[in-house]
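Geometric and topological summary
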Amino acid sequence: TQLLEQSPQFLSIQEGENLTVYCNSSSVFSSLQWYRQEPGEGPVLLVTVVTGGEVKKLKRLTFQFGDARKDSSLHITAAQPGDTGLYLCAGVGSNDYKLSFGAGTTVTVRA
Amino acid sequence: DAGITQSPRHKVTETGTPVTLRCHQTENHRYMYWYRQDPGHGLRLIHYSYGVKDTDKGEVSDGYSVSRSKTEDFLLTLESATSSQTSVYFCAISESMGLVGTNEKLFFGSGTQLSVL
């Protein structure tokens, strides 16, 4: 199982501010996914990145896959209270094709 | 939303008792998974299934067993529950195991909160 480390573990910001969440590993992944989870619900997929250096945008969210496909970041511009949640990264191993999850970053956006 | 139903949503049980959690899907997806989620550990795979009666172990399978007698149902059993199995359990489904394509993803149920006292 590949180890994915997410940082920070907790993040609390004011509405309108920007934030970045990181997902790092020493392993290479064939693809990497970001999920958002709200209290009492299961995670919901936000995006999948598959190419080293790839950047994907989803409204105010920008996702980047590292050139070496070992790390990824999620950047939120002008955060809103609706962005509050647990953000999880998950990588598909390049050898075993199994999905490994990071421990998550809890984001709180204060109005 | 993907048609995944987990039951029960909440359960409190005593140490040493057997517990069975159920996952039911209406999507006819081949792959089904059981995860547990604990603070600081993220989601950890317990067992998964790649077809009827075809199952395999995940990274934290000790103390758990699974069965899949129909495509739509995947059961997770704790033969003799322990306090360390207090957790939130999630069922997930996918069309393929590899998830290497950009259109492939896991669909999760809403979870079962299990407390073992």
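To keep things clear, this report deals only with the structure shown in the data block. It should be emphasised that the depicted structure is a prediction, and the values quoted were computed from it without experimental measurement.

Turning our attention to the pattern of salt bridges. Residue and element names in this part refer to chain B. The tally for this structure, following the rule as stated, stands at six salt bridges over all chains. Notably, a salt bridge pairs lysine 70 with aspartate 73, separated by 3.3 Å at the nearest N-O pair. Accessibility expressed as a relative area gives 41% for lysine 70, which makes it partly exposed. For aspartate 73, a relative accessible area of 8% corresponds to the buried category.

This paragraph deals with the side chain of Thr112(B). Residues and elements named next belong to chain B. By the element assignment, threonine 112 lies in strand E11 (residues 112–116). Polar side-chain contacts of threonine 112 include one of 2.6 Å to the backbone oxygen of proline 8. Not counting chain neighbours up to four residues away, the residues in contact with threonine 112 comprise Gln6, Ser7, Pro8, Arg9, Leu21, Ser87, Val88 and Tyr89.

A separate point is the nonpolar core. Counting residues in hydrophobic clusters, the biggest one holds 21 residues, and the most contacted among them are Leu19(A), Leu32(A), Trp34(A), Phe63(A), Leu74(A) and Ile76(A). Elements supplying a minimum of two residues to this core: strand E3 (19–24), strand E4 (29–37), strand E5 (44–49), strand E7 (61–65), strand E8 (71–76), strand E9 (85–93) and strand E11 (105–110) of chain A. The residues touching Leu32(A), leaving out its near neighbours within four places in the chain, are Leu4(A), Cys23(A), Val47(A), Thr48(A), Val49(A), Phe65(A), Ser72(A), Cys89(A), Ala90(A) and Gly91(A). Listed in part, the 19 residues of the second largest apolar core include Cys23(B), Val60(B), Phe74(B) and Leu114(B).

Glancing now at the packing of aromatic side chains. Applying the stated criterion to the full structure yields 11 aromatic pairs over all chains. Ring centres of Tyr35(A) and Phe108(B) lie 5.9 Å apart, and the angle between their planes is 90 degrees; this geometry places the pair in the edge-to-face category. One end of the pair, Tyr35(A), is in strand E4; the other, Phe108(B), is in strand E10 (residues 107–108), on a second chain. Of the residues examined, Phe108(B) reaches a relative accessible area of 11% and is grouped as buried. In this structure an aromatic cluster arises from ring pairing among Tyr35(A), Phe101(A), Tyr33(B), Tyr35(B), Tyr48(B), Tyr50(B), Phe90(B) and Phe108(B).

Residues and elements named next belong to chain A. Judged by which residues are buried, E11 turns out to be one-sided: Thr105, Val107 and Val109 face inward and are buried, whereas Thr106, Thr108 and Arg110, on the alternate face, are not. Bridge count for strand E2 (residues 10–14) against E11 is five bridges, and the pairing is parallel. Among the inter-strand pairings, glutamine 14 is bridged to a residue of E11, identified as arginine 110. As paired elements, E9 and E11 share three bridges and run antiparallel to each other. Residue pairing for E11: glycine 85 is matched across the bridge by valine 107.

In this section: the environment of Val109(A). Residues and elements named next belong to chain A. One can find valine 109 in strand E11. Overall, the relative accessible area of 6% leaves valine 109 in the buried class. In contact with valine 109, other than residues within four places in its own chain, are Ile13, Gln14, Glu15, Ala79, Gln80, Pro81, Asp83 and Thr84.

In this section: the interface of chain A and chain B. Contacts between the two partners involve 23 residues from chain A and, on the opposite side, 22 residues from chain B. For the pair chain A and chain B, the summed buried surface comes to about 1700 Å²; carbon and sulfur atoms form 58% of the total. Our count for the chain A to chain B interface comes out at five residue pairs in polar contact (both at pLDDT 80 or more). Of all the secondary-structure elements, those providing two or more residues to the side of chain A that touches chain B are E4, E5, E9 and strand E10 (99–101) of chain A. Among the elements that make up the side of chain A that touches chain B, the one with the highest residue count is E4(A) (five residues).

Residues and elements named next belong to chain B. One can find serine 115 in strand E11. Residues serine 115 and glutamine 6, 109 residues apart in the sequence, show an inter-C-alpha distance of 16 Å. Every residue in contact with serine 115, bar those within four places of it in the chain, is listed here: Lys11, Val12, Thr13 and Thr86.

Take the sheet that holds E3(A) next. Residues and elements named next belong to chain A. Strand order in the open sheet formed by five strands is E1-E3-E8-E7-E6, and the pairing between neighbours is antiparallel. Looking at the sheet topology across the chains shown, the edges are occupied by strand E1 (5–7) and strand E6 (55–58). Neighbour-to-neighbour, the strand axes of the sheet open up by a mean angle of 15 degrees, direction not taken into account. Inspection of the sheet shows E1 paired to E3 by three bridges, in the antiparallel sense.

Rules behind the numbers
Residues numbered from 1 in each chain as written. Chains lettered and ligands numbered in written order. Predicted model: local features only at pLDDT ≥ 70, side-chain atom pairs only at ≥ 80, totals over all residues. Heavy atoms only, no water. Salt bridge = Lys/Arg side-chain N within 4 Å of Asp/Glu carboxyl O. Buried < 20%, exposed > 50% of the residue type's maximum accessible area, 1.4 Å probe, protein only. Helix = DSSP H or I, 4+ residues; strand = E, 2+ residues; numbered from the N terminus. Polar contact = N/O pair within 3.5 Å; in protein donor to acceptor, adjacent residues only side chain to side chain. Contact = heavy atoms within 4.5 Å. Core = buried A, V, L, I, M, F, W, Y, C linked by side-chain atoms within 4.5 Å. Phe/Tyr/Trp six-rings, centres within 6.5 Å; stacked < 30°, edge-to-face > 60°. Pairing = 2+ DSSP bridges. Buried area = accessible area lost by both parts, 1.4 Å probe. Axes fitted to C-alpha atoms, helices over the stretch in contact; angles between N-to-C directions.

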